[in-house]
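Here is what each chain is made of, one letter per residue.
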Amino acid sequence: MVAMMAVDPYVLWTFFASLLGFVALSVLRRRNYGNGMAKDRSKVQKNNNNTNKSLVSEQCVKSSDEGEFRPVNGSGTDVIIVGAGVAGAALAHTLAKEGRRVHVIERDLTEPDRIVGELLQPGGYLKLIELGLEDCVEEIDAQRVLGYALFKDGKSTRLTYPLEQFHSDVAGRSFHNGRFIQRMREKASKLTNVQLEQGTVTSLLEENGTIKGVQYKTKDGQELKAYAPLTIVCDGCFSNLRRTLCKPQVEVPSCFVGLILENCELPFANHGHVILGDPSPILFYQISSTEVRCLVDVPGQKLPPIANGEMANYLKTVVAPQVPPELHDAFISAVDKGNIRTMPNRSMPANPQPTPGALLMGDAFNMRHPLTGGGMTVALSDIVVLRDLLKPLRNLHDPASLCKYLESFYTLRKPVASTINTLAGALYKVFSASPDEARKEMRQACFDYLSLGGTCSTGPVALLSGLNPHPLSLVLHFFGVAVYGVGRLLLPFPSPKRIWIGARLILSASGIIFPIIKAEGVRQMFFPATIPAYHRAPPVE
Ligand SMILES: Cc1cc2nc3c(=O)[nH]c(=O)nc-3n(C[C@H](O)[C@H](O)[C@H](O)COP(=O)(O)OP(=O)(O)OC[C@H]3O[C@@H](n4cnc5c(N)ncnc54)[C@H](O)[C@@H]3O)c2cc1C
């Protein structure tokens, strides 16, 4: 005790000096943040208590005359997110909830009006729950989706999601994409550590191979720079910024032509409808209590022009005769109404070039054919993987070691992402019409296999819905369909012609699935644990 009282005056002096320094720093920090940020950036920020303050990194920001925000010591922003679409908005909320200081720059903060991302698979809904975002499908007139109905040559079969072991709330959801996005943006911007700003990012700022931040143009035309230790690019399928962060190999196998049908009821309520049409599939699903979305797939990149009526003519003469009778009149009315929208269907395997200071997410990073509605599920699943990886890190200030550590992200995401991606690409090919006899057999075999019920329907539907995204199960079911097709050809009496078609069916099935698996990466997809990055530990801080 006496010894404690007789403390060395030097120690006491140091203690008080540190205390004084700490108070001064805190005051300065607040002043800088308030002046610099609030003055130069239009902020959408509301009150919310930040429970994870310990994770918010040191923030000393100097605002210069050139409208530049440069971290002095550490950074005032932990993460810059480019784009507040499905991925960006969900990510902003997720990282902010973890205590990160997030600056989101979105080109257009008004409600998007698009024909994309309108059906969230139940697997995606489960991810929304994991992220605490499930309320974003409430109050937007979203519809529950319980499975799919397939139509081929006047026959139909119903495939129900295997939801038995989940809470009754778990199901797919279909909605207006813009309403869903606005709900997520709103929810993210309510967190005090999210700064959601309207602006267009024009480039990534690179210094010695490390991304330091972004250059962007604000709504009122000001050119600004923002800096953070980590920039996550979520600028969607038309990404301009992905080039430096990956080797994009984009394919556009087809386009979707979108219509909204009104005053009609789907033959199978609360189900997505897939017509195995000619030349390719046609989709219908409810997107509100009064509207049904129709997406007509048109192979290739060249569409009949809308302006001169060729598209309307195509829809009426080629597509309408294949539409189920219950929807026919509403389909014709929708064409006559003229609100025809189109979108290219892009596919791009993930091919990252790990770069310190930056990461790609969402469609900017990886795309698949939208036939199976898997894009949002993959994006949300990736966000869960990234959140869990970043969780143990107090700060993100060592870009090189962070980049090395985050290489594990590319492997950890694979089982879910590659299953959904591969299924989308393979099903699109199988479901499309072909003059080739072997492909015709494969398409029919697929329809009949799914109609068998039991594991033959629940297995593939569990894959498609993201409820059981296992690559091995995908391959087994895919070749299950092929073997089923061959068996039908050979029974009861195989003829040389039928044997030949059967052999070509197997070849054709392999020709469909193996290139997709190769692009996804065989080892990452089936043996992720053999990739060293899979086991990478967080950097020591
Ligand atoms: C026709 C079609 C139908 C689809 N249907 C489904 C479906 O039913 N279910 C499903 O799960 N998936 C579907 N998808 C895929 C799904 O839409 C995407 O996977 C999902 O939207 C990806 O989210 P994202 O955030 O990466 O991109 P987006 O949601 O497109 O968001 C990108 C955001 O970045 C912003 N942005 C772009 N450039 C900049 C910039 N330079 N600076 C600042 N901001 C920028 C944009 O304004 C936008 O808000 C479909 C895709 C297509 C093409």
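Check the entry above for the structure.
Cut-offs and rules
Residues numbered from 1 in each chain as written. Predicted model: local features only at pLDDT ≥ 70, side-chain atom pairs only at ≥ 80, totals over all residues. Heavy atoms only, no water. Helix = DSSP H or I, 4+ residues; strand = E, 2+ residues; numbered from the N terminus. Buried < 20%, exposed > 50% of the residue type's maximum accessible area, 1.4 Å probe, protein only. Contact = heavy atoms within 4.5 Å. Areas by Shrake-Rupley, 256 points an atom, 1.4 Å probe, with all protein chains shown as cover. Phe/Tyr/Trp six-rings, centres within 6.5 Å; stacked < 30°, edge-to-face > 60°. Lys NZ or Arg CZ within 6 Å of the ring centre and 35° of its normal. Disulfide = S-S within 2.5 Å. Arc of directions from axis to C-beta. Core = buried A, V, L, I, M, F, W, Y, C linked by side-chain atoms within 4.5 Å. Near = heavy atom within 4 Å. Polar contact = N/O pair within 3.5 Å; in protein donor to acceptor, adjacent residues only side chain to side chain. Nonpolar A, V, L, I, M, F, W, Y, C, P; charged D, E, K, R; others polar.

**Comments concerning the overall build of the protein chain**
Per the secondary structure count, the protein chain includes 15 helices and 19 strands. For the protein chain, the residues scored as buried account for 53% of the 541 residues in total. For the protein chain, long-range pairs separated by at least 24 residues make up 73% of all intrachain contacts whose partners lie at least 6 apart in sequence. Within the structure as shown, the protein chain displays about 24100 Å² of accessible surface, and the carbon and sulfur contribution to it stands at 56%.

**What to know about the packing of aromatic side chains**
Evaluated as defined, the whole model comprises nine aromatic pairs. Centroid distance Phe409 to Tyr410: 5.5 Å. Interplanar angle 70°. Geometry classified as edge-to-face. Judged by its relative accessible area of 0%, Phe409 falls in the buried class. Under the relative-accessibility criterion, Tyr410 is labelled buried at 11%. If you follow Arg173 out to its NZ or CZ, it ends over the ring of Tyr125, 4.3 Å from the centre.

**Topic: the state of the cysteines**
Note: disulfide means a covalent bond formed between the sulfur atoms of two cysteine side chains. If you walk through the whole model with that rule in mind, you get zero disulfides. Free of any disulfide, Cys237 has its nearest cysteine sulfur in Cys255, 11 Å distant. Among the residues examined, Cys237 registers a relative accessible area of 14% and is labelled buried.

**What about helix 6 (residues 310-319)?**
What sets the pattern is the α-helix's 3.6 residues per turn: residues three or four places apart point alike. Of the positions making up helix 6, those classed as buried are Met311, Tyr314, Leu315 and Val319. In an axial view of helix 6, the angular spread of the buried residues amounts to 95°, which keeps them on one side of the axis. Each element contacted by the buried residues of helix 6 is listed here: strand 14 (251-262), strand 16 (282-286), strand 17 (291-299), helix 7 (325-337) and strand 18 (341-347).

**Observations regarding the nonpolar core**
Residues Phe180, Ile232 and Phe431 are the most contacted members of the largest nonpolar core, which totals 122 residues. Beyond its immediate stretch of four places on either side in the chain, Phe180 contacts Val86, Leu128, Cys136, Val137, Ile140, Phe175 and Met376.

**A few points about the site of the ligand**
Around the ligand, a shell composed of 34 residues is seen, among which Glu106, Arg114, Leu119, Asp363 and Met376 lie nearest. One of the side-chain nitrogen or oxygen atoms of Arg114 is found 2.8 Å away from an oxygen atom of the ligand. With respect to the ligand, the backbone of Cys234 contributes an N or O atom lying 3.5 Å from an oxygen atom. In isolation the ligand has 1000 Å² of accessible area, and contact with the protein removes 93% of it. Every element with two or more residues in the shell around the ligand is listed here: helix 3 (86-97), strand 4 (102-106), strand 10 (194-207), strand 18 and helix 8 (375-390). Here the residues of the shell around the ligand are counted per class, giving 16 nonpolar, eleven polar and seven charged.

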